[in-house]
Amino acid sequence: MHFTRIRTVAALSLCGLITAAVPSPAYIHAAETQAETEELQTDSTSPEDASAEDDSQVVPEQQLFAVVKDDDVTIYSGDSGNSQVIANGSVGDSFKVSNADTSGWTEVSVGNTTGYLKPGSTVSLVNVGQVADAAMVAREDAAEKEAEAMAAAQAAAEAAATEAAENANQALRNQVVAFAEQYLGGRYIWGGEDPNVGADCSGFVKYVMAHAAGVSMNRTAIEQAQQGTPITEDRLQPGDLLFYTRGSATDAQIGIGHVAIYIGDGKIIHSSNERDGVKISDWDYRTPLKIVNVLG
């Protein structure tokens, strides 16, 4: 009997040790639940936090910007032309668009302030990815237009200067003709230089050009023919000089011996000879040997 009791106690003791070493099912479930909760708290972010993080780092691709082109624009404090002006945008500047109103006013951000672009403002509405290219194109277009405007202004100024010079020259030529015509019927005196008293052909031309145009001429016809710029008959203008042979000769080999002043309409004025004095003739009453422009 004593031996049997000892085996029973030993068996009970062994069962007690095994029972104490193995956790209960309830304890195991509680531990797993707590571990899963800690893992979720460590690795997960709330939807609100994720959205805030995305908003701070990503600009929506469809966000519109107003890029100024062509001309500078005015930005108002409200959507009315009577509103206060709060800023001016230069070509290439860009502003974030808050609202493109159907009435035509565009709401934009100017720093921390809201502003408005009136209808018809010269801006391009582009998304954020196109702002840099749109600004570059706007500046290039503006520079090209400015260069074209400057070139046009310069051309206009040059044309105006040319026209003014031509008008002044024409006025001078008319002045020469009017001055010469006042001596119609004057005496021809060989070697004379003053038509008020009497002058030969070259003396008459010398006097008229000096007093009507301030142009100093040589004394004889052949010497005068060496002055100025030779021209063709199709370029004849009042005040130009035509040179002929002496007297009534027509042979070009005789050389220059007579000079006259062209007065327009196919006519010349010249101190012709002792019989006729200062008179008007057809420019081609004889074929001129040379035509010269001394008035520019």
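Computed from a prediction, not measured in an experiment: that's the story for all the values here.

*Asks:* Explain the overall build of the chain here, please?
*Replies:* For the chain, the helix and strand inventory stands at six helices and 15 strands. Looking at the chain as a whole, 32% of its 296 residues qualify as buried. Partitioning the intrachain contacts of the chain with sequence separation of at least 6 by distance along the chain shows that 57% fall at a separation of at least 24. Carbon and sulfur atoms make up 52% of the accessible area of the chain, which amounts to about 18500 Å² in all.

*Asks:* Teacher, can you tell me more about the sheet that holds strand E5 (residues 106–110) here?
*Replies:* Where strands meet in a sheet, backbone hydrogen bonds hold them as pairs that are either parallel or antiparallel. Pairing is antiparallel across the open sheet formed by seven strands, whose spatial order is E3-E2-E6-E5-E4-E1-E7. Two strands lie at the open edges of the sheet, namely strand E3 (85–89) and strand E7 (123–127), each paired on one side alone. Mean inter-strand twist for the sheet, computed between neighbouring axes without regard to direction, equals 40 degrees. Inspection of the sheet shows strand E2 (residues 73–76) paired to strand E6 (residues 113–117) by two bridges, in the antiparallel sense. Each bridged residue has a counterpart across the sheet, and for Tyr-76 the counterpart in E6 is Tyr-116. Sheet strands in contact with helix H4 (residues 131–181) are strand E1 (64–68), strand E4 (94–100) and E7, and its direction is about 15 degrees off that of E1.

*Asks:* I keep staring at the pairing of strand E15 (residues 290–293) and nothing clicks. Help me out?
*Replies:* Side chains on a regular strand alternate between the two faces of the sheet. Alignment of strand E10 (residues 229–230) against E15, held across two bridges, turns out to be antiparallel. Looking across to E15, one finds that Thr-229 is bridged to Asn-293. Pairing of strand E11 (residues 241–245) with E15 involves three bridges; the strand directions are antiparallel. Within E15, the position partnered with Leu-241 by the bridge is Val-292.

*Asks:* I would appreciate a short explanation of the pairing of E11 in the present structure.
*Replies:* Here E11 lies mainly inside the structure; five of its five residues are buried. Both E11 and strand E12 (residues 256–264) contribute to a ladder of five bridges, which runs antiparallel. Each bridged residue has a counterpart across the sheet, and for Tyr-244 the counterpart in E12 is His-258.

*Asks:* Could you clarify how one ought to interpret the packing of aromatic side chains in this entry?
*Replies:* To describe a pair of aromatic rings, you give the distance between the ring centres and the angle between the ring planes. Evaluation of the coordinates by the stated rule reveals five aromatic pairs. Seen in terms of ring centroids, Tyr-76 and Trp-105 are 5.9 Å apart; in terms of plane orientation they differ by 75 degrees. Their pairing is edge-to-face. With Tyr-76 in strand E2 and Trp-105 in the loop between E4 and E5, this pair connects stretches of sequence that are 29 residues apart. The exposure class assigned to Tyr-76 is buried, which follows from its relative accessible area of 10%.

*Asks:* What is the right way to read helix H5 (residues 201–213) from this model?
*Replies:* An α-helical segment advances 3.6 residues per turn. Residues three or four places apart therefore align on the same side. A rise of 1.5 Å per residue sets the reference length of H5, with its 13 residues, at 18 Å; its end C-alpha atoms lie 18 Å apart and thus fit the reference within 8%. Those residues of H5 not exposed but buried are Cys-201, Ser-202, Gly-203, Phe-204, Val-205, Tyr-207, Val-208, Met-209, Ala-212 and Ala-213.

*Asks:* What is the right way to look at the sheet that holds strand E14 (residues 278–282) in this model?
*Replies:* Read across the sheet, six strands follow the order E10-E15-E11-E12-E13-E14 without closing on themselves; strand pairing throughout is antiparallel. At either end of the open sheet lies a strand with only one pairing partner, and these are E10 and E14. Against the sheet, H4 touches E12, strand E13 (267–271), E14 and E15, its axis set at about 110 degrees to E12.

*Asks:* Just checking my understanding: could you explain the side chain of Asn-169 for this structure?
*Replies:* Take Asn-169: it is sitting in helix H4. Judged by relative accessible area, Asn-169 falls into the buried class, the value being 16%. Look past the residues within four positions of Asn-169 in its chain and what remains in contact with it is Leu-295 and Gly-296.

What counts and what doesn't
Residues numbered from 1 in each chain as written. Predicted model: local features only at pLDDT ≥ 70, side-chain atom pairs only at ≥ 80, totals over all residues. Heavy atoms only, no water. Helix = DSSP H or I, 4+ residues; strand = E, 2+ residues; numbered from the N terminus. Buried < 20%, exposed > 50% of the residue type's maximum accessible area, 1.4 Å probe, protein only. Contact = heavy atoms within 4.5 Å. Areas by Shrake-Rupley, 256 points an atom, 1.4 Å probe, with all protein chains shown as cover. Pairing = 2+ DSSP bridges. Axes fitted to C-alpha atoms, helices over the stretch in contact; angles between N-to-C directions. Phe/Tyr/Trp six-rings, centres within 6.5 Å; stacked < 30°, edge-to-face > 60°. Expected span 1.5 Å × (residues − 1).

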